[in-house]
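# Commentary on secondary and tertiary structure
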There are 2 protein chains.
Amino acid sequence: MAERDFIAARLAPLATSAAARCLADDAAVWAPPLGRDLVLTHDVLACGVHYLPDDPPADVAWKLLAVNLSDLAAMGAVPAGVLLGLALSTAEDDAWRADFTTGLGRALARWNVALWGGDTTSGISAAVLGLTAIGHVPPGAALARSGAHVGDDVWVSGSIGDAGLGLAIARGEAPADKFLLNRFRRPEPRLALGLALRGIATAAMDVSDGVLIDADRLARASGVALEITLSQLPLSPAAAARTPADDAGRLARATAGDDYELLFTAPPGAEVAGLAGGLPLTRIGRVIPGLGVRALGGNGADVTPKRLGWEHI
Amino acid sequence: MAERDFIAARLAPLATSAAARCLADDAAVWAPPLGRDLVLTHDVLACGVHYLPDDPPADVAWKLLAVNLSDLAAMGAVPAGVLLGLALSTAEDDAWRADFTTGLGRALARWNVALWGGDTTSGISAAVLGLTAIGHVPPGAALARSGAHVGDDVWVSGSIGDAGLGLAIARGEAPADKFLLNRFRRPEPRLALGLALRGIATAAMDVSDGVLIDADRLARASGVALEITLSQLPLSPAAAARTPADDAGRLARATAGDDYELLFTAPPGAEVAGLAGGLPLTRIGRVIPGLGVRALGGNGADVTPKRLGWEHI
C-alpha cells in the first residue's frame, strides 16, 4: 500500500477533529482553549530499542501514545491532540499497519485525544515512531521536577518494577505472566492523578527509566536529595512473587524502567491518599539535604547502587 | 558521548526560551499568544531517503527545520517553536552531532524560532530525524489547499526544479553547481510570502514533491483543475542552462521535488506582484473546471505525464 493510500485508508479515518482538516493540508489548525498554558512533548519509540519487533502492533501504538501522555500527566496537563511521525520499514507490512492504526484509534479514544496530523515515510531499515502530544494547564499550574523541598515526603503511584519483569517475559527470558507483560506493553498514563496533583505536589515526573534514576533527576532538578526506603517500594503481587525479599531483590525493581508511574513530592500532611481514585499511592521516602538519590536498605544502611536505572548511551 | 551529555552540552544551550525550561522537565510549557489559531506540523527526514549520508550535518539540520517551516509558510503562519525527535545511529558520531547542533542553532536564529524540547535516542541503524513546528495565525486566517476557484490564476514563488538538479549533483550524477546544490540542501521556507498571502490567496501549499504533483493535490482539495503552462515555469539561470528548451526538458523540472516554493491561487487582478519583496512570483497557469492537473506544452497541447512527481511508496 502506497503512503498516500495508507494515510487515506488508515490514518484519515482517525483524524476526525476539525483541527486535522481531514489531513488534507500542510499542517493542522487548532484554536487552543483561551488563557491556558500549553504543555508540549515529543517522545520516540524505536523498534529494537524501545519495543521488540514482534510486539503486537496495537500494543506498540498504545505505548507510543501512552509514553507521551505520561509526560503530560507528569506536568498536570489535560491532553488535547497529537501529531504522528511514522518512519516504517518493509517489516511494517499492510497487516502490521492495519493493526497499528486500529490500536492507535482505540488508544486515542481511550484518552479522548485527537489525531491532528503528522508524516509517514517508508523505506527505513527499522521502524522509528515519533509522537508529539500537546495538552494544557491553567496559567502557571504546570508541575515541574524542580520544586521539592527538604522535609517533603516522596510518593509514587501504582507499583514499581512490573514493566522490567514484563520486558524479560517479552524477550522470552522469564516465565509468562499476562499482568506483567501487559504492564510493559500497555502502560497507563496517570492523567487523572497528574491533574489532582496540581497545587499539592511540590515536584513531579514520570518514572520511565527506573524509580532510582528518576528520583535522582528530580532531586538534582530541585537541588535536594531524595532518600528512598527500598522496603516501602510498592510491588504488585505478581512482581513480589518474583522478587527476593532482600535489598538486591528490591534494587532490581527500583532500577528497571518503563513503569510510567508518577513520582512526586508533597509536604508532610498533604492530603494525598485519596487523590488517585482506586490507584494506590505509596510514601516511599523523604526529601533531605544533599544532592541526588539515596537508597536505604533493610537495615537502614545506604545501599545506593552505581547503576541507578536505564541510562541512554 | 552519552545522550544525557549530548543533550546537556549541545541541545540545552539552544533551548534558551522560558518554554523549554532548560530541557529539565518532562515537557515544555508555552503560553500561546491570546486569541490566535495554532498551526502544527511534523515532518520526518530519514537518512538515505530524504538526505544523503554524506550531506553536511549543518545542512541536514537546516533542511529539517526548513521543510517544517515551509509547511507553516504554506498556511500563512508565524513560527514560534519546535520539538525535535532525533533517532541516531553510530554514523552520527560526536563530530556529526556537534556540526548538526551548530547548524540547528543557526537555522533557529535565522528564523527566530525557539527550541522547546524533544527526545534523543541512539542505537538506530540509520538516522531518522523528526521535527514538530508550531506557529500561529489570526483566527480563521490560515491558508488551505481547498479554496481555489475556477478563473483564479495559479502562481508560484522563486524558481522550479533547482533542488532536483541539486540532488543529482549531491549524488555525483551531474556536474557541480554551488547554487543548485544549495537549493537542494538548504531550502528557504517562504515565511514572509505566506504571511503576505493571507486574505489574498484563495488556496496555497508548498512544493515539496514537484510542482505538477502538488498542483494536482491542490486541485483535488479544491475540486477544480489546475492548468499549468510549462513555458511559464520560472527557471533559475543555472537550471535553464541544464534544461532543454522543449516540453520534455520543462517536464523534468516540473516533476522534481524539494523546491519548497509556494504554489498558490489568487483571483485575476489580485495585487500579487510586490507581495514577496525581492522574491519573484510567476503566474504559471489558471484554474479551470475539472479535477486534477493539466500540463500544457509549447504548442498548447496537453502533455501531462503519467508520473507527476515524487510519489511516496
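In this text the structure is predicted, and so the values were computed from the model without any measurement. (Residues numbered from 1 in each chain as written. Chains lettered and ligands numbered in written order. Predicted model: local features only at pLDDT ≥ 70, side-chain atom pairs only at ≥ 80, totals over all residues. Heavy atoms only, no water.)

Below, the discussion takes up the sheet that holds strand 4 (residues 114-121) of chain B. Each strand in a sheet pairs with another by means of backbone hydrogen bonds, the pair being arranged parallel or else antiparallel. The strand order across the open sheet formed by five strands is 1(A)-2(B)-5(B)-3(B)-4(B), and the pairing between neighbours is mixed. This sheet does not close on itself; its edge strands, each paired only once, are strand 1 (28-30) of chain A together with strand 4 of chain B. Adjacent strand axes in the sheet meet at a mean angle of 20°, parallel and antiparallel pairs treated alike. Looking at chain direction, strand 3 (residues 78-87) of chain B and strand 4 of chain B are connected through seven bridges and run parallel. Directly across from Val82(B), in strand 4 of chain B, lies its bridge partner Leu115(B). (Pairing = 2+ DSSP bridges. Helix = DSSP H or I, 4+ residues; strand = E, 2+ residues; numbered from the N terminus. Axes fitted to C-alpha atoms, helices over the stretch in contact; angles between N-to-C directions.)

Residues and elements named next belong to chain B. With respect to topology, six strands assemble into an open sheet ordered 7-9-6-10-8-11, the strand pairing being mixed. Edge strands, defined here as strands with exactly one partner in the open sheet, are strand 7 (203-207) and strand 11 (292-296). This sheet shows a mean twist of 25° between the axes of neighbouring strands, independent of strand direction. Sheet topology note: the strand 8 (residues 225-229)/strand 10 (residues 281-288) ladder contains four bridges and is antiparallel. Paired with Ala225 across the bridge in strand 10 is Ile288.

In this assembly, 56 residues from chain A lie in contact with 56 residues from chain B. Note on chain A versus chain B: buried area summed over both sides is about 4400 Å², and carbon and sulfur give 58% of it. The three residues of chain A that bury the most area against chain B are Asp26(A), Leu40(A) and His42(A), which together make up 17% of that side's buried surface. Run the count over chain A and chain B and you get two salt bridges. Of the charged contacts in the structure, one is a salt bridge between Arg145(A) and Asp26(B), with a shortest N-O distance of 3.4 Å. On inspection of chain A and its partner chain B, the count reaches 18 residue pairs in polar contact (both at pLDDT 80 or more). (Contact = heavy atoms within 4.5 Å. Buried area = accessible area lost by both parts, 1.4 Å probe. Salt bridge = Lys/Arg side-chain N within 4 Å of Asp/Glu carboxyl O. Polar contact = N/O pair within 3.5 Å; in protein donor to acceptor, adjacent residues only side chain to side chain.)

Expressed as a screw transformation, the operator carrying chain A onto chain B has a rotation angle of 180° and an axial translation of 0.0 Å, and the superposed copies differ by an RMSD of 0.0 Å. On this basis, the relationship between the two copies can be described by a two-fold rotation axis. By residue overlap, the copies meet face to face through one surface: 100% of the interface positions of chain A are interface positions in chain B. (Least-squares fit on C-alpha atoms with pLDDT ≥ 70 in both.)

Moving on to the pattern of salt bridges. All names here are of chain B. Here the structure, examined in full by the defined rule, presents 31 salt bridges over all chains. Where Glu261 meets Arg183, a salt bridge forms, and the shortest distance between an N and an O atom there is 3.0 Å. Within this pair, whereas Glu261 is found in strand 9 (residues 261-266), its partner Arg183 is found in helix 5 (residues 178-185), the two being separated by 78 residues in sequence. On the basis of relative accessible area, Glu261 is assigned to the buried category, the value being 0%. (Buried < 20%, exposed > 50% of the residue type's maximum accessible area, 1.4 Å probe, protein only.)

Now for the environment of Asp55(A). Residues and elements named next belong to chain A. Locating Asp55 in the fold gives a position in the loop between strand 2 (37-46) and helix 2 (57-74). Of the residues examined, Asp55 reaches a relative accessible area of 5% and is grouped as buried. Sequence-wise, Asp55 and Thr101 are 46 residues apart; in three dimensions their C-alpha atoms are separated by 14 Å. In this view, Asp55 contacts Val60, Ala170, Phe184 and Arg185; residues no more than four positions away in its chain are not counted.

Below, the discussion takes up the pairing of strand 5 (residues 128-137) of chain B. Residues and elements named next belong to chain B. Counting buried residues in strand 5 gives 10 out of 10 residues, a clear majority hidden from the surface. Residues Val128, Gly130, Thr132, Ile134 and His136 line one face of strand 5 and the alternating positions Leu129, Leu131, Ala133, Gly135 and Val137 line the opposite face, and both faces are buried. For strand 2 (residues 37-46) and strand 5, the ladder comprises 10 bridges, and the chain directions are antiparallel. Bridge pairing links Asp43 to Leu131 in strand 5. Sheet topology note: the strand 3/strand 5 ladder contains nine bridges and is antiparallel. Bridge pairing links Leu83 to Thr132 in strand 5.

Turning our attention to the domain arrangement of chain A. Residue and element names in this part refer to chain A. If you check the domain split of chain A, you get domain 1 (3-137) and domain 2 (153-296). Spacing between the C-alpha centres of domain 1 and domain 2 amounts to 26 Å. Facing the 25 residues of domain 1 at the interface are 19 residues of domain 2. Summed over both sides, the interface of domain 1 with domain 2 buries roughly 1800 Å², with 57% coming from carbon and sulfur. Across the contact surface, domain 1 and domain 2 share four salt bridges. Between Lys63 and Asp258 there is a salt bridge, and its shortest N-O distance comes to 3.3 Å. At the boundary of domain 1 with domain 2, the tally comes to nine residue pairs in polar contact (both at pLDDT 80 or more). Counting residues per element, the ones that place at least two in the side of domain 1 that touches domain 2 are helix 2, strand 3 (78-87) and strand 5 (128-137). Among the elements that line the side of domain 1 that touches domain 2, the one with the most residues is helix 2, at 11 residues. (Domains from an automatic or database assignment.)

Residue and element names in this part refer to chain B. Of note, Val287 is situated in strand 10. Classification of Val287 as buried rests on a relative accessible area of 3%. Distance in space between the C-alpha atoms of Val287 and Val224 is 6.8 Å, their sequence separation being 63 residues. Those residues in contact with Val287 that sit more than four places away from it in its chain are Ala148, His149, Val150, Gly151, Asp152, Val154, Val224, Ala225, Leu226 and Thr265.

Residues and elements named next belong to chain B. Given a rise of 1.5 Å per residue, 17 residues ought to cover 24 Å, and the 24 Å separating the end C-alpha atoms of helix 3 (residues 94-110) matches this to within 8%. Turning to helix 3, its buried residues are Trp96, Arg97, Ala98, Phe100, Thr101, Gly103, Leu104, Gly105, Ala107 and Leu108. For helix 3, the secondary structure elements touched by its buried residues are helix 1 (3-11), helix 2 (57-74), strand 3, strand 4 and strand 5. (Expected span 1.5 Å × (residues − 1).)

With that out of the way, let us pick up the packing of helix 2 of chain B against helix 3 of chain B. Residues and elements named next belong to chain B. Look at helix 2 against helix 3: their axes get within 7 Å of each other, and the N-to-C directions meet at 40°. Classed by the angle they form, the pair helix 2 and helix 3 counts as oblique. For the pair helix 2 and helix 3, the crossing hand works out as right-handed. Contact with helix 2, carried on its side by Pro57, Ala58, Val60, Ala61, Trp62, Leu64 and Leu65, involves Trp96, Asp99, Phe100, Gly103, Leu104, Ala107, Leu108 and Arg110 of helix 3 and no other residues of that element. (Parallel < 35°, antiparallel > 145°, perpendicular 65-115°, else oblique. Left-handed = near helix turned anticlockwise from the far one by under 90°.)

Take the packing of aromatic side chains next. If you walk through the whole model with that rule in mind, you get eight aromatic pairs over all chains. Geometrically, the ring pair formed by Trp96(A) and Phe100(A) is stacked, given 5.0 Å between the ring centres and 10° between the ring planes. Residue Trp96(A) and its partner Phe100(A) are located together in helix 3 (residues 94-110), separated by four residues, close to a single helical turn. Among the residues examined, Trp96(A) registers a relative accessible area of 10% and is labelled buried. Lying across the ring of Phe6(B), Arg97(B) places its NZ or CZ 5.1 Å from the centre. Looking at Arg186(B), its charged tip hangs above the ring of Trp62(B), at a distance of 4.1 Å from the centre. (Phe/Tyr/Trp six-rings, centres within 6.5 Å; stacked < 30°, edge-to-face > 60°. Lys NZ or Arg CZ within 6 Å of the ring centre and 35° of its normal.)

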